[in-house]
Amino acid sequence: MDAKSVTPSAVALILSNPTPESPDDVPEIVVQVLDLKPIGSRFTFMASDGEAKVKAILSTHFASEVHSGKLQNLGLVRILNYTCNDIPQKTDKMVIITKCEVVSQALDAEIKSEVKIEEPPVLMKPKEEAAGLSKPIGAAPATIMLKPRHDVKSASQIVSEQRGNAAPAARLAMTRRVHPLISLNPYQGNWVIKVRVTSKGNLRSYRNARGEGHVFNVELTDEDGTQIQATMFNEAAKKFYPVFELGKVYYISKGSLRIANKQFKTVQNDYEMTLNETAVVEEAEGESFIPPVQYNFVKIDMLGPYVGGRELVDIIGVVQSVSPTLSIRRKIDNESIPKRDIVVADDSNKTVTISLWNDLATTVGEELLDMVDSAPIIAVKSLKVSDFQGVSVSTVGKSTLVINPELPEAEKLRAWYESEGKGTTLASVGAGMGASNAGGLRSMYSDRVFLSHITSDPNLGQDKPVFFSLYANISNIKPDQTMWYRACTTCNKKVTEALGSGFWCEGCQKNYEQCSLRYIMVIKVSDPTGEAWLSLFNDQAERIVGCSADELDRIRKEEGDDMFQLKLKEATWIPHLFRVSVVQNEYMGEKRQRITVRSESPVDYSAEARYQLEEIAKLTSS
């Protein structure tokens, strides 16, 4: 076959064998990539053989091939393993490609002509005829040419030979095809996966409005390196907690999938798995594989949105400095643990401090200290982002660190550092960024809801405060409300007029000659689903109104009531991002819902557009 061509009737080959038993059952399939585009963390394209097309989606670990330019639109790829899924509510198929290799980068144009076959052929009956697929009227009978394979047993032969003496878990895998994690979606029925437990959480108790219970989760990784988080509740949590052991391989079936909750997900997967008591989990005795580490690197200058969130990040950077080992006394149990700080930089021209804890500080950290002069590159997986020094990151129990990894991103970073990075002035990503600045952006995109979600549920916040993010317009600020209180200039607590003159602060137990005004007010906000009153404190109110409470009081006294009300009206019908808490308060024997603004931010339309595109991608992929 020509090195710059496709396999004839490749699409028919795929559709006639939608679930190959193993990669050995996949014949030579080369297709052209058309309409390559991102969908969430993955990429989709139309796989074309010059005559027919089928929609295809790449596993997440192929993203680096696309970003590096190796896998291109109009290029050719050889499909080495795949599975076909039905597209919900359509008659079409989706080909999930779990293994492929690039044959050619972008060609000059889309292939539409017939393809000559030059290799010595083995004549086979066309699979598209066997599958009853329709062909264009008048088309010549097609033949599929494949190299003979005398040394490879079929999957059915292997299963037949092994099934008799196989262990129960192995029989589970052989009675049904093992599915790669990338191929799973919420609309599938039966599936079996073979995965390694790469992280095991604790069995935790919880309490909410629906009662008490237990929860437990694990992170699972398959042979392709794809990960998914599996969660178990109550009886299922108690049942499977002693079953799952860190590092062991299991066959799992009869679970369910749903769209991953962005606030709680710890791996890069659009879906999360739930296992109930009827799920089947069996150890794969004698089975062993080491899944490749899959990274989802975040540029250092983009760490701000992750501050204070639950989502862990991966970073690749050039080491700039390494501190000696420090001994930090932990408050919770007074135990001393080792810590080491390293500073890394990347081609965003920013640096960040990574805190290594425990064994990473004493082992890999010591190795980095010895080689810091050579500016090694490190890839660190699973880092927690905090607001210490504006923005900083630290390792957690499941973090891993690789020195000078063999990755395309490392090669690119080394080239940047040698050509310009080492001679560039690099600034810390946290410079000039306070905690509220750094963490605010991330929190505004967690748990985003409409106002109706809060106002329609009177039981929200009954036991403890619950938190949400809102995108809403300020529709009214009542001018006749009590908008501020007299505050101590030292501790900001309420003061009262002292006997004689000045003001008495109960908190400081002192008299002060002066006091300041601090906002405490309510505003009405609206979104497409309704409206609600929000309680507002000083810092957020100052940004919304545009001046301090002292200045607004001066305007009312010196410039008149009209200018005072105009100042308030200028702040209305402007969109804002709000992070709010919802609690139940009792007023005159009646429970009322209180919504309080915890942080506020003007709308960053670029970040908002990215968020909306992510939400659209989720809906599209599901």
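Residues numbered from 1 in each chain as written. Predicted model: local features only at pLDDT ≥ 70, side-chain atom pairs only at ≥ 80, totals over all residues. Heavy atoms only, no water.

(A) The sheet that holds strand S25 (residues 495–497), seen in detail. Across the sheet, which stays open at both edges, the 3 strands sit in the order S25-S26-S27 with antiparallel pairing between neighbours. With one partner strand each, in any of the chains shown, S25 and strand S27 (510–512) form the two edges of the open sheet. Across the sheet, the mean angle from the axis of one strand to that of its neighbour is 35°, orientation sign disregarded. (Pairing = 2+ DSSP bridges. Helix = DSSP H or I, 4+ residues; strand = E, 2+ residues; numbered from the N terminus. Axes fitted to C-alpha atoms, helices over the stretch in contact; angles between N-to-C directions.)

(B) Layout of the packing of aromatic side chains. Applying the stated criterion to the full structure yields 8 aromatic pairs. Both rings, one in phenylalanine 216 and one in phenylalanine 244, keep their centres 6.5 Å apart while their planes meet at 45°; by these two values the pair is tilted. One end of the pair, phenylalanine 216, is in strand S10 (residues 211–221); the other, phenylalanine 244, is in the loop between helix H6 (234–240) and strand S12 (249–253), with 28 residues separating them in the sequence. In terms of burial, phenylalanine 216 and phenylalanine 244 fall into one category: buried. Ring plane angle 50° and centroid distance 6.3 Å describe the contact between phenylalanine 240 and phenylalanine 244, whose orientation is recorded as tilted. Residue classification places phenylalanine 240 among the buried positions, given a relative accessible area of 2%. Three or more aromatic residues joined by ring pairs make a cluster, and in this case those are Phe216, Phe240, Tyr241, Phe244 and Tyr250. Over the aromatic face of tyrosine 241 sits the side chain of lysine 200, whose NZ or CZ is 4.3 Å from the ring centroid. The ring of phenylalanine 564 carries arginine 556 above its face, with NZ or CZ at 5.6 Å from the centroid. (Phe/Tyr/Trp six-rings, centres within 6.5 Å; stacked < 30°, edge-to-face > 60°. Buried < 20%, exposed > 50% of the residue type's maximum accessible area, 1.4 Å probe, protein only. Lys NZ or Arg CZ within 6 Å of the ring centre and 35° of its normal.)

(C) How the structure looks around the nonpolar core. Ranked by size, the top nonpolar core spans 33 residues in total, and within it Ile454, Tyr519, Met521, Ile523, Leu552, Phe578 and Val580 carry the most contacts. Here the element with the most residues in this core is strand S28 (residues 516–527); it accounts for 5 residues. When residues no more than four places from it in sequence are discounted, the contact partners of isoleucine 523 are Ile474, Asn476, Ile477, Ala532, Trp533, Leu534, Leu536, Ile544 and Phe578. Listed in part, the 27 residues of the second largest apolar core include Ile342, Leu360, Val380 and Val391. (Core = buried A, V, L, I, M, F, W, Y, C linked by side-chain atoms within 4.5 Å. Contact = heavy atoms within 4.5 Å.)

(D) Main features of the pairing of S10. Across the 11 residues that make up S10, a large majority, 8, are buried. Pairing analysis gives 4 bridges linking strand S8 (residues 192–200) to S10, with the strands arranged antiparallel. Within the sheet, the bridge partner assigned to serine 199 lies in S10 and is glutamate 219. The hairpin turn running from strand S9 (residues 204–208) into S10, its antiparallel successor, is 2 residues long. Two strands pair when backbone bridges link them, and S10 and strand S11 (residues 227–233) are joined in this way by 7 bridges, in the antiparallel orientation.

(E) View of unusual backbone geometry. Residues other than glycine seldom take positive phi values, yet asparagine 358 does so here, at roughly 55°. One non-glycine residue with positive phi stands out, namely asparagine 404, at about 45°. Locating asparagine 404 in the fold gives a position in the loop between strand S21 (392–403) and helix H9 (408–419). Judged by its relative accessible area of 40%, asparagine 404 is partly exposed.

(F) Expanded view of the pairing of strand S16 (residues 313–322). Of all 10 residues in S16, 8 are buried, a share of seventy percent or more. Here 4 bridges tie S16 to strand S18 (residues 336–345), and the two strands are oriented antiparallel to one another. Bridge pairing in S18 links serine 321 to valine 343.

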